[in-house]
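# Close look at the chain arrangement
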Amino acid sequence: MCTDHNWINNAVRKIEADYQRSADTHLIKLDLPSIEGIDIYLKDESTHPTGSLKHRLARSLFLYAICNGWVGPETTIIESSSGSTAVSEAYFARLLGLPFIAVMPKSTARKKIEQIEFYGGQAHLVEHTDQIYAESHRLAEALNGHYMDQFTYAERATDWRGNNNIANSIFDQMQLEDHPIPTWVVMSPGTGGTSATIGRFIRHQQHNTKLCVVDPENSVFHEFYRTGNKALTGENGSKIEGIGRPRVEPSFIPGVVDEMRTIADAASVATAHWLENVLGRKVGASTGTNLYGVLQLAGEMKQRGEKGSIVTLLCDSGERYLDTYYNPEWVQANIGDLLPYAVKLERFETTGLLD
């Protein structure tokens, strides 16, 4: 327990100063003539200093832990992660001069491990995704450190009522658009914290926007949403890095979600490749998951003759995944044939319909 107010004040000041040096992330509008009157936007979280949406989460988790007295000047920080959260937490640990250990599955993209090490962190690899929790607890106890536990604290570390959170930013940036109040916001769950923040904000601000959460294959969130069974577990980890979990995480709040869909892994990766042709740069596969769900909703809106806007997140850059999602041999061995979904996406460009 840290009661050193000088250290706490200085640590909070450093984190807040880092925030003040950062501009907001861009809201990118996609030009898709086949769905005229339905506008699609991507909130580009890849432009954060550590390259992903998880930069926001890491900042919030550090502030939460420091202000709770859990972290002090000698505390070793431990986190269980599939990569991006660990990269961002390594950045903030270095900012505060704290040692950092990321417990991750061996399947984590090598580029992410290199980024953690770049920020002075250490990667502690385990065989299977479901082993990261127990190993993180063990390390925290053995080293007298603090386990950040993003999967428990993500939904409570962020002020969902406003205060420049991601939902607040989205709605502010939408104010001058043709359809300023989105019909849908689409988000995929890793911890569930971002969907909780967005869903709560929508309700608190009394918007009629609906939240659609899109889950990858081999994740239990959608089944939990459908059944309410908190004991669900999965044998295989998600192949879409950064999202999907083999257990029901405490930060996933189903009550703020209006609809859930499961997106095939091949659809996620094919959509990431398709978006590269639209934007001129690579994105991660979790962005593909988000956008495929957006395109499904847009096609359904078109069939009903509706107009409006849909917002989702560009979670991180595809440069982190050159050895996986942008490697044809890896994709063929781990994801399968992308061609059926590539054909659907090509058809969407001309008809505005996926199926």
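- Going by the annotation in an unreviewed UniProt entry, the name recorded for the protein chain is L-cysteine desulfhydrase Cds1, with Vibrio renipiscarius given as the source organism.
- Regarding the protein chain, the relevant UniProt record gives this comment under Subcellular location (unreviewed entry): "Cytoplasm".
- Per UniProt, the protein chain has the following entry under Cofactor (unreviewed entry): "pyridoxal 5'-phosphate".

### A short note on the packing of helix α10 (residues 265-279) against helix α13 (residues 339-351)
- At their nearest, the axes of α10 and α13 sit 9 Å apart, and the two run at 50° to each other. When the axis of α10 is compared with that of α13, the two are oblique. Here the hand of the crossing between α10 and α13 comes out right-handed. Facing α10, whose interface residues are Ala 266, Ala 267, Ala 270, Thr 271 and Trp 274, α13 presents Tyr 341, Ala 342, Leu 345 and Glu 349.
- By residue class, the composition of the contact of α10 with α13 is seven nonpolar, one polar and one charged.

### Considering the sheet that holds strand β7 (residues 184-187)
- Read from one edge of the open sheet, six strands run β1-β2-β10-β7-β8-β9, paired in mixed fashion. Both outer strands of the open sheet, β1 (27-30) and β9 (259-263), are each paired with one neighbouring strand and no more. Taking each pair of neighbouring strands and ignoring which way they run, the sheet shows an average axis angle of 25°.
- Bridging between strand β2 (residues 38-44) and strand β10 (residues 308-314) involves seven bridges; their strand directions are parallel.

### Examining the pattern of salt bridges
- Counted according to the given criterion, the structure contains 23 salt bridges.
- A salt bridge links Glu 114 to Arg 110, with the shortest nitrogen-to-oxygen separation between them at 3.7 Å. Residue Glu 114 and its partner Arg 110 are located together in helix α4 (residues 110-118), separated by four residues, close to a single helical turn.
- Glu 114 gets classed as partly exposed once you look at its relative accessible area, which sits at 38%.
- Look at Arg 110 and you get partly exposed, because its relative accessible area is 43%.
- With its nearest N and O atoms 3.6 Å apart, the salt bridge here joins Arg 203 to Asp 258. One end of the pair, Arg 203, is in helix α8 (residues 193-204); the other, Asp 258, is in the loop between α9 (221-227) and β9, with 55 residues separating them in the sequence.
- In this structure Arg 203 comes out as partly exposed when scored by relative accessible area, which is 38%.
- Asp 258 gets classed as partly exposed once you look at its relative accessible area, which sits at 36%.

### Regarding helix α11 (residues 285-303)
- The end-to-end C-alpha separation of α11 is 27 Å, in line with the 27 Å expected for 19 residues at 1.5 Å each.
- The element α11 is largely enclosed, with a buried count of 16 among its 19 residues.
- Count one or two residues on from α11 and you reach Gly 305, which has phi positive near 75°.

### Here's the deal with the domain arrangement of the protein chain
- Examined at the domain level, the protein chain breaks down into domain 1 (21-52 + 166-351) and domain 2 (55-154).
- Put simply, the middle of domain 1 and the middle of domain 2, counted by C-alpha atoms, are 25 Å apart.
- Domain 1 puts 25 residues into the contact, and the matching count from domain 2 is 24 residues.
- Each partner contributes to the roughly 2100 Å² buried at the junction of domain 1 and domain 2, and carbon and sulfur atoms together form 49% of this total.
- For the domain 1 face of the interface with domain 2, the top three residues by lost area are Thr 50, Glu 241 and Arg 320, together amounting to 29%.
- Across the contact surface, domain 1 and domain 2 share three salt bridges.
- A salt bridge links Glu 45 to Arg 56, with the shortest nitrogen-to-oxygen separation between them at 2.5 Å.
- There are 16 residue pairs in polar contact (both at pLDDT 80 or more) connecting domain 1 and domain 2.

### Remarks on the state of the cysteines
- Inspection of every chain in the model, using the stated rule, returns zero disulfides.
- Free of any disulfide, Cys 2 has its nearest cysteine sulfur in Cys 67, 11 Å distant.
- You can call Cys 2 buried: its relative accessible area is 12%.

Quick notes on the rules
- The residue count restarts for each chain, going from 1 along the sequence in the order it is written.
- Given that this is a predicted model, residues contribute local features only at a pLDDT of at least 70 and side-chain atom pairs are listed and counted only at 80 or more, while totals for whole chains, interfaces and linings are drawn from all residues.
- As a rule here, side-chain values cover all heavy atoms of the structure and leave hydrogens and water aside.
- UniProt positions are given in the numbering used here, feature names are shortened, and annotations may be inferred rather than shown by experiment.
- Helix axes are fitted to C-alpha atoms over the stretch in contact, other axes to C-alpha atoms as well, and angles between N-to-C directions run from 0 to 180 degrees.
- Helix and strand definitions follow DSSP, with helices as H or I runs of at least four residues and strands as E runs of at least two, each counted in order from the N terminus.
- In these notes the angle categories are as follows: under 35 degrees is roughly parallel, over 145 is roughly antiparallel, 65 to 115 is roughly perpendicular, and the rest is oblique.
- A crossing counts as left-handed when the near helix is turned anticlockwise from the far one by less than a right angle, and as right-handed when that turn is clockwise.
- Contact between two residues is taken to exist if any of their heavy atoms lie within 4.5 Å; hydrogens are not considered.
- For this classification, Asp, Glu, Lys and Arg are treated as charged, while Ala, Val, Leu, Ile, Met, Phe, Trp, Tyr, Cys and Pro are nonpolar and the rest, including Gly, are polar.
- Between any two strands, pairing holds if DSSP finds at least two bridges.
- By definition, a salt bridge exists where a carboxyl oxygen of Asp or Glu is found within 4 Å of a side-chain nitrogen of Lys or Arg.
- With a 1.4 Å probe rolled over the protein chains alone, any residue whose accessible area is under 20% of its type maximum counts as buried; one over 50% counts as exposed, and the rest are partly exposed.
- Take the residue count of a helix, subtract one, and multiply by 1.5 Å to get its expected span.
- Here the bounds of each domain stem from an automatic or database domain assignment.
- Buried surface area refers to the total accessible area, computed with a probe of radius 1.4 Å, that the two partners give up upon joining, counted for both partners together.
- We call two N or O atoms a polar contact when they sit within 3.5 Å, provided that within protein one can donate a hydrogen and the other can accept it, with sequence-adjacent residues counted only if both atoms are side-chain atoms.
- When the sulfur atoms of two cysteines come within 2.5 Å, that pair is taken as a disulfide.

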